[in-house]
Amino acid sequence: MSNDSLEYIDLVYWSPSFMEHKRQDLIQKREHYRTKMFKIMLEIVFIFAIPAVGAFFAYSYLNKAGFPAVVAFIPLAGAFTLSWIITILRIKSVSRKLNDVEKQLKS
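Residues numbered from 1 in each chain as written. Predicted model: local features only at pLDDT ≥ 70, side-chain atom pairs only at ≥ 80, totals over all residues. Heavy atoms only, no water.

K.L.:
Help me out: how do you make sense of the overall build of the protein in this one?
P.N.:
Counting its secondary structure elements, the protein contains 3 helices and 0 strands. Listing each helix as α and each strand as β along the protein from the N terminus yields α-α-α. Taking all 107 residues of the protein together, 18% fall into the buried category. Long-range contacts, defined here as pairs at least 24 residues apart, represent 69% of the contacts in the protein between residues at least 6 apart. (Helix = DSSP H or I, 4+ residues; strand = E, 2+ residues; numbered from the N terminus. Buried < 20%, exposed > 50% of the residue type's maximum accessible area, 1.4 Å probe, protein only. Contact = heavy atoms within 4.5 Å.)

See the structure below:
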């Protein structure tokens, strides 16, 4: 390749239209991840509700079966802990991707 063709490639790559196109792509990615965060917020309702309902029924069953309250409380504590672990992992995953896009957008 000659120097002229390399200069042309550099001009095309750094042209205002190319940079604007790249910026628009990054803005679309950012909006995609924001939408995904909203969906995760809805998932969180189910992440907390399903184990809580299951733990409630397990607690009721164990309590009626004559187990001490401390033993019957274990499913509730386990469900609460599991729900928070799942929630934190989901949010960290999407937040990391969103932050990467934000950094690219600023540069």
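The rest of the description comes next.
K.L.:
Would you mind going over the nonpolar core with me for this structure?
P.N.:
A general trend in soluble globular proteins is that nonpolar side chains are found buried together. Listed in full, the 9 residues of the largest apolar core are Leu 26, Ile 27, Tyr 33, Ile 40, Ile 44, Val 94, Leu 98, Val 101 and Leu 105. Among the elements of the structure, α2 (16–64) and α3 (69–106) are those that each provide at least two residues to this core. Looking at this core, the element that brings in the most residues is α2, giving 5 residues. Beyond its immediate stretch of four places on either side in the chain, Tyr 33 contacts Val 94, Lys 97, Leu 98 and Val 101. (Core = buried A, V, L, I, M, F, W, Y, C linked by side-chain atoms within 4.5 Å.)

K.L.:
Please explain the packing of aromatic side chains as it appears in this structure.
P.N.:
Where two aromatic rings form a pair, the distance of their centres and the angle of their planes describe that pair. The full count for this structure, using the stated rule, is 3 aromatic pairs. For the ring pair Phe 48 and Trp 84, a centre distance of 5.3 Å and an interplane angle of 80° mean the geometry is edge-to-face. Taken as a pair, Phe 48 in helix α2 and Trp 84 in helix α3 lie far apart in primary sequence, 36 residues in all. On the basis of relative accessible area, Phe 48 is assigned to the partly exposed category, the value being 22%. Among the aromatic residues, those joined into a ring-pair cluster are Phe 48, Phe 80 and Trp 84. (Phe/Tyr/Trp six-rings, centres within 6.5 Å; stacked < 30°, edge-to-face > 60°.)

K.L.:
Explanation requested: the environment of Arg 90 in the structure shown.
P.N.:
Position of Arg 90 among the secondary structure elements: in helix α3. Taking the C-alpha atoms as reference points, Arg 90 and Met 41, 49 residues apart in sequence, are found 9.8 Å from one another. With residues up to four places along the chain from it excluded, the contact list for Arg 90 reads Ile 40 and Glu 43.

K.L.:
Looking at this model, I keep getting lost on the side chain of Arg 30. Mind explaining?
P.N.:
You can see Arg 30 is positioned in helix α2. Leaving out residues up to four positions away in the same chain, Arg 30 has contacts with Leu 98, Val 101, Glu 102 and Leu 105.

K.L.:
Hey, could you run me through a nonpolar patch on the surface in this one?
P.N.:
A surface patch of nonpolar side chains, about 320 Å² in accessible area, is lined by Phe 38, Met 41 and Leu 42. Residue position: Leu 42 is located in helix α2. (Patch = residues over 30% accessible without salt bridge, like charges linked within 9 Å, V, L, I, M, F, W, Y side chains within 5 Å. Areas by Shrake-Rupley, 256 points an atom, 1.4 Å probe, with all protein chains shown as cover. Salt bridge = Lys/Arg side-chain N within 4 Å of Asp/Glu carboxyl O.)

K.L.:
Which parts of the structure should I look at to understand α3?
P.N.:
In an α-helix there are 3.6 residues to a turn, and that puts residues three or four apart on one side. The terminal C-alpha atoms of α3 lie 55 Å apart, and with 38 residues this matches the ideal 56 Å at 1.5 Å per residue to within 8%. Taken as a whole, α3 has its buried residues at Ala 72, Ala 79, Ser 83, Thr 87, Val 94, Leu 98, Val 101, Glu 102 and Leu 105. (Expected span 1.5 Å × (residues − 1).)

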